[in-house]
Amino acid sequence: MSCCKVPVLIEAQVEMVSANELENKSLFRQEEDATQTKEASLMEQGSLSTSFPQHTPKAPKNSVLNSIKIVIFCNKLNLLLPFGPLAILVHCMIDSKGWVFLLTLVGITPLAERLGYATEQLACYTGPTVGGLLNATFGNVTELIISIFALKNGMIRVVQLTLLGSILSNMLLVLGCAFFCGGLVFYQKDQVFDKGIATVNSGLLLMAVMGILFPAVLHYTHSEVHAGSSELALSRFSSCIMLIAYAAYLFYQLKSQSNSYSPLDEESNQNEETSAEDEDPEISKWEAIIWLSILTAWVSLLSGYLVDAIEGASVSWNIPIAFISTILLPIVGNAAEHAGAIMFAMKDKLDLSLGVAIGSSIQISMFAVPFCVVIGWMMGQEMDLNFQLFETAMLFITVIVVAFFLQEGSSNYFKGLMLILCYLIVAASFFVHEDPHQDGI
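Residues numbered from 1 in each chain as written. Predicted model: local features only at pLDDT ≥ 70, side-chain atom pairs only at ≥ 80, totals over all residues. Heavy atoms only, no water.

Within an unreviewed UniProt entry, the label attached to the chain reads Vacuolar cation/proton exchanger, and the organism entered is Arabidopsis thaliana x Arabidopsis arenosa. Under the heading Sequence similarities (unreviewed entry), UniProt records this for the chain: "Belongs to the Ca(2+):cation antiporter (CaCA) (TC 2.A.19) family. Cation/proton exchanger (CAX) subfamily." Word for word, the UniProt comment on the chain under Function (unreviewed entry) is "Vacuolar cation/proton exchanger (CAX). Translocates Ca(2+) and other metal ions into vacuoles using the proton gradient formed by H(+)-ATPase and H(+)-pyrophosphatase." (UniProt positions renumbered as here; feature names shortened; annotations may be inferred.)

Here it is, written out as C-alpha cells:
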C-alpha cells in the first residue's frame, strides 16, 4: 500500500507546484499588462514618446573667448563680416551709394547666417516644434528690420517688394535648392514628407494670396465705394484677420500638432539615436540668446545704411529698384533659411526643410506683411495690401505651382531643379519690369 501511495503523493505535489506556477505566471501577466497600459496612457498624455529618444542636450560651459571663437571664427562665411564696418566707413568718407549698398549687402550676409546658427543652438533646448518656429522667426528678422526702416522713410513700395521677394525666394529658391541637394544625396529614392502638414501650409499660403489679391482687384476694377479709402480700409481689416489666423496657426502647430516634426518610423528613430551626439549644442542657452541680441542689433544698424543707399544704387548700377528689392535683398535675408533647409534635406529630414522654407513664407505672408500694414497705420503711412497687378499675379502663380509640387508628399532632385528654374524666370521678369509706382518709393 505504501508503494502505491508514493506515486500518488508525488503526483499531488507536482500538481500543486504546477498550480503555483500558473498562479505566479498569471500574476506576472497582470503586472505586465498593468505596466503596458500605464505606459500607453503616459504616451497618450505626452509623458513618453515613441518618436523621439529621450535625449537631453548637454549645455557646454564655454568661456567668453571660446564662445566668440565658436560663433565668429569657426565659420568661413564670417570672412565677409568686415564689409559691414567698411560700408559705414565708405558712407562717412565718400558717400558713394552704389558702394555702400554693395558692401552693406555683403556684410549682412554672414550676419543672417549666424542668426540662423544661434537660433539652431537655442532650438536644441526648446524641442523640434518650437525650434522650427524660432528658426522661421529669426530667419526673417533681417527682412522685417529692413522693411521697418524703409517704412519709416516712407518707402512703401520697397517694403512691399522686399516682403514679396522674400516669399518668392523661400518658396522657389530655398525649397528648390533643398529638394535638389537632398535629391542628389538620396538619388536612389524619393524623399518623403508629411503630406497633411504640406496641405495645411498650402491652404495658409492661398489665404495670404486672397488677402493680397482682393485689394488689388478692388483697385483695378474701380469698384470702390469710397475712391482711395476703401482699398486702404480693406487692407487694414484683412491684415487684422490675417494676424488672427496666424495666431491660430501657431496655437494649432504648438498644441494640437506638437509632434509635427517628429520622425514617423523606426528607421528615423535609429537615425535620431545615432546623430544625437552630433546635435548637442555648442553654446549654452543664454549664450545663444545673447548672440541673437547682438546679431539682431548689428543687422538693424546695417539695414539703415542699406535702405538709404537703395535709390542711389539703382541709379548708379542702372538696375530697377523692383529687381533690387525683390531679388537681391531677399537672397541675402534668406541666407539662414537657405543654409538650414539644405542641411536638413541632406540629412533626409525633409519635414524640417519644409518647416523652414514654407514656414518662413507663411510667416512673412501671414505675419510680416499684415504687421507692416498695422505698423504703417500707427506711423501714419498708407501701407496697404495692394501689391499691384504684376506682383500679385506672380505671387498667385507661384503659390499654385508650389502647391502642385507638394501634393504628392515626396520630392526628388528633378522637382528641386524645376523650382530653381521657376525662380530664374521670376528674377528675369523683375529685371525687365518697370514699376509704374516708383513715386511711392
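Next comes the rest of the write-up.
Our next topic: the overall build of the chain. Scanning the chain from N- to C-terminus turns up 17 helices and 2 strands. The proportion of buried residues among the 441 residues of the chain is 48%. Of all intrachain contacts in the chain linking residues separated by at least 6 positions in sequence, the fraction that spans at least 24 positions is 85%. Approximately 22,100 Å² of the chain is accessible, and the part contributed by carbon and sulfur atoms is 65%. (Helix = DSSP H or I, 4+ residues; strand = E, 2+ residues; numbered from the N terminus. Buried < 20%, exposed > 50% of the residue type's maximum accessible area, 1.4 Å probe, protein only. Contact = heavy atoms within 4.5 Å. Areas by Shrake-Rupley, 256 points an atom, 1.4 Å probe, with all protein chains shown as cover.)

Turning to its location among the elements, Ser429 is positioned in helix H17 (residues 413-431). When near neighbours in sequence (up to four residues on either side) are disregarded, Ser429 contacts Phe390 and Met394.

Note that soluble globular proteins tend to have their nonpolar side chains buried in a common cluster. The biggest cluster of nonpolar side chains holds 103 residues, and the ones touching the most others in it are Phe101, Leu175, Ile358, Leu395, Leu406 and Phe430. No other element matches the 16 residues that helix H7 (residues 156-185) contributes to this core. (Core = buried A, V, L, I, M, F, W, Y, C linked by side-chain atoms within 4.5 Å.)

Enumeration over the complete set of coordinates arrives at 7 aromatic pairs. Relative to Phe431, the ring of Phe323 has its centre 5.2 Å away and its plane inclined at 85°; by these criteria the two rings are edge-to-face. One end of the pair, Phe323, is in helix H13 (residues 321-333); the other, Phe431, is in helix H17, with 108 residues separating them in the sequence. Taking relative accessible area as the criterion, Phe323 reaches 14% and is therefore assigned buried. Seen in terms of ring centroids, Phe390 and Phe430 are 5.4 Å apart; in terms of plane orientation they differ by 85°. Their pairing is edge-to-face. Of this pair, Phe390 sits in helix H16 (residues 389-406) while Phe430 is found in helix H17, placing the two residues 40 residues apart along the sequence. (Phe/Tyr/Trp six-rings, centres within 6.5 Å; stacked < 30°, edge-to-face > 60°.)

The description of two packed helices rests on the angle between their axes and on the distance between the axes. Here helix H8 (residues 195-220) crosses H16 at 165°, and the two axes come no closer than 10 Å. Relative to H16, the element H8 lies roughly antiparallel. Crossing handedness for the pair H8 and H16: left-handed. Touching Lys195, Ala198, Ser202, Leu205, Leu206, Val209, Ile212, Leu213, Ala216 and Tyr220 of H8 are Leu389, Thr392, Leu395, Phe396, Val399, Ile400, Ala403 and Leu406, all from H16. Its residues placed into classes, the contact of H8 with H16 shows 15 nonpolar, 2 polar and 1 charged. (Axes fitted to C-alpha atoms, helices over the stretch in contact; angles between N-to-C directions. Parallel < 35°, antiparallel > 145°, perpendicular 65-115°, else oblique. Left-handed = near helix turned anticlockwise from the far one by under 90°. Nonpolar A, V, L, I, M, F, W, Y, C, P; charged D, E, K, R; others polar.)

This part covers H8. Over its 26 residues, H8 runs 37 Å from end to end, which matches the ideal 38 Å to within 8%, given 1.5 Å per residue. When we look at burial in H8, the residues that qualify are Ala198, Asn201, Ser202, Leu204, Leu205, Ala208, Val209, Gly211, Ile212, Pro215, Ala216 and Leu218. Of the residues flanking the start of H8, the one acting as N-cap is Asp194, its side-chain oxygen 2.9 Å from the backbone nitrogen of Gly196. Note on H8: the residue one or two positions beyond its end, His222, has a positive phi of about 55°. (Expected span 1.5 Å × (residues − 1). Polar contact = N/O pair within 3.5 Å; in protein donor to acceptor, adjacent residues only side chain to side chain.)

The next thing to look at is a nonpolar patch on the surface. A contiguous nonpolar patch, built from Leu86, Leu89, Met93 and Ile94 and spanning about 420 Å² of accessible area, is present on the exposed surface. Structurally, the position occupied by Leu89 is in helix H3 (residues 83-93). Residue class for Leu89 comes out partly exposed when judged on its relative accessible area of 45%. (Patch = residues over 30% accessible without salt bridge, like charges linked within 9 Å, V, L, I, M, F, W, Y side chains within 5 Å. Salt bridge = Lys/Arg side-chain N within 4 Å of Asp/Glu carboxyl O.)

The interhelical angle for the contact between H7 and H13, taken along N-to-C directions, is 50°, at an axis separation of 8 Å. Classified by the angle their axes make, H7 and H13 are oblique. Read as a crossing pair, H7 and H13 show a hand that is right-handed. Contacts between H7 and H13 pair Val158, Leu161, Thr162, Gly165, Ser166, Leu168, Ser169 and Leu173 from the former with Ile321, Ala322, Ser325, Thr326, Leu329, Pro330 and Ile331 from the latter. Residues belonging to the contact of H7 with H13 are distributed by class as follows: 9 nonpolar, 6 polar and no charged.

Mapped onto the fold, Gln191 is located in strand S1 (residues 191-192). At 3.1 Å, the side chain of Gln191 forms a polar contact with the side chain of Asp348. Once residues lying within four places of it in the same chain are set aside, the contact partners of Gln191 are Gly182, Gly183, Phe186, Ala345, Asp348, Leu350, Gly409, Ser410 and Ser411.

By the element assignment, Asn386 lies in the loop between helix H15 (350-379) and H16. A polar side-chain atom of Asn386 sits 3.1 Å from the main-chain amide nitrogen of Gln388. Those residues within four positions of Asn386 in sequence are excluded, and the remaining contacts are Arg157, Gln160, Pro215, Ala216, His219, Tyr220, Glu231 and Ser235.

This next bit is on the environment of Ala216. Here Ala216 is to be found in helix H8. With 173 residues separating them in the primary sequence, Ala216 and Leu389 have C-alpha atoms 6.5 Å apart. If we ignore the near neighbours within four places in the chain, the residues touching Ala216 are Asn386 and Thr392.

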